[in-house]
Structures are given as C-alpha cells and as structure tokens.
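The lines below spell out each chain.
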Amino acid sequence: NLDRGMRQLNWFFKMGQNILLIENSIAMRQLLKTVLGLSFRTKACTNCYEAAQWLEAKTVDLIVLAVPHEQHDHFGFLQHLASSSLLSDLPVLVMSENGSPAFREQCLDAGVVAFFHKPFDPLMLRECIVEFFNTVRTFTRPVQPLWASA
C-alpha cells in the first residue's frame, strides 16, 4: 500500500495540470485521453453540458474543445466561460474540421488560445499543450494564439 501511495503521489506531482477534454466522438475522445494522459490529468466529457456540470465542482487548467463542423452552439459554452468570474481566465484550445478564416476569427474573438484543424497528430497536440503550460509558467505576458493545421 505504501508503494501504491508513493506512485500516486509521484503521478500527482509529475502531472500538475488538469485538462478537460470535450469530444463527442468515442474513438477520438479515447485516443486523446490516452495521449494527453501521458503528461496531464485528463477528464473527458462528451458534450458542453456535461462539461459545464463537471466544472461546477472541479478546477481545470485548460479546456480542449472539439467543435463539430456544422455545430456552432459551442460558442455559447465559450460565452458562458467568458462571463463567469471564476472561469473567465480559463484557456481554451479548439479542435475542428472547420478551418475557414471566418471560423478561426470567431474562435479568436471568443478568446481561444489555440486552434487545431482536424485531422492532426495527437502527439503534436500534446506537445503544444506542454509548450503552452511552460510558456504560461515562465512569462507573465499574455500567450499569443497558436493556429495549427495538419
């Protein structure tokens, strides 16, 4: 039991950041949870409603939000975050098949810190998040948005 406790403690200190992943595709959600779980504590939700309920009781350091190509109701979730005094500073990374300039501009206007155009390499996503957290920890200036494509 002591060995198990030490492993849990090492895991806690090694993985200090908490990520909330919102992805409706079961396969993609499992893949990203596995890849992100290599470096971060990751909670996966299937939709914004489930995520909003979970956020009421938990704290996270970053939200990774998948926005389906034809759905834009996720911007209501982003507006909810922005209007909340507790969640307004929470960084959000968006993943979407929609890579149009208008959509990217809408993401930027909503305060999104990074955008990944699907399909993309999940390891590249993890590295981007590692770099993001290193930048946030090192600098006090705002982080410039990152726009990545496959």
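The rules behind the values
- Residues numbered from 1 in each chain as written.
- Predicted model: local features only at pLDDT ≥ 70, side-chain atom pairs only at ≥ 80, totals over all residues.
- Heavy atoms only, no water.
- Helix = DSSP H or I, 4+ residues; strand = E, 2+ residues; numbered from the N terminus.
- Buried < 20%, exposed > 50% of the residue type's maximum accessible area, 1.4 Å probe, protein only.
- Contact = heavy atoms within 4.5 Å.
- Areas by Shrake-Rupley, 256 points an atom, 1.4 Å probe, with all protein chains shown as cover.
- Phe/Tyr/Trp six-rings, centres within 6.5 Å; stacked < 30°, edge-to-face > 60°.
- pLDDT = per-residue confidence, 0-100.
- Pairing = 2+ DSSP bridges.

1. Section: the overall build of the chain
A count of helices and strands for the chain gives six helices and six strands. Along the chain, helices and strands appear, N-terminal first, in the series α-β-α-β-α-β-α-β-α-β-α-β. Looking at the chain as a whole, 42% of its 150 residues are labelled buried. Counting only contacts in the chain whose residues sit at least 6 apart along the sequence, the fraction spanning at least 24 positions is 63%. For the chain, the exposed surface amounts to about 8,800 Å²; the carbon and sulfur share of it is 56%.

2. Considering the packing of aromatic side chains
Under the defined criterion, the tally for this structure stands at four aromatic pairs. Here Phe-40 and Phe-133 contribute two aromatic rings whose centre-to-centre distance is 5.5 Å and whose plane-to-plane angle is 55 degrees, an arrangement assigned as tilted. Of this pair, Phe-40 sits in the loop between helix H2 (26-36) and strand E2 (41-45) while Phe-133 sits in helix H6 (residues 122-138), and the two are 93 residues apart along the sequence. Exposure remark for Phe-133: the relative accessible area of 7% places this residue in the buried category. In this structure an aromatic cluster arises from ring pairing among Phe-40, Phe-132 and Phe-133.

3. What to know about the confidence of the model for the chain
Across the chain, the average pLDDT comes to 78, with 75% of residues at or above 70. Confidence, expressed as mean pLDDT per element, reaches its minimum in the chain at helix H1 (residues 2-14) with 46 and its maximum at H2 with 95. Note on residues 138-150: pLDDT is under 50 here. Beyond four places in sequence and across chains, it has 26 contacts.

4. Looking at the pairing of strand E1 (residues 18-22)
Within E1, five of the five residues are buried, leaving the element largely enclosed by the surrounding structure. Burial along E1 is two-sided: the residues Asn-18, Leu-20 and Ile-22 and Ile-19 and Leu-21 are all buried. As paired strands, E1 and E2 are joined by five bridges and run parallel to one another. Bridge pairing in E2 links Asn-18 to Arg-41.

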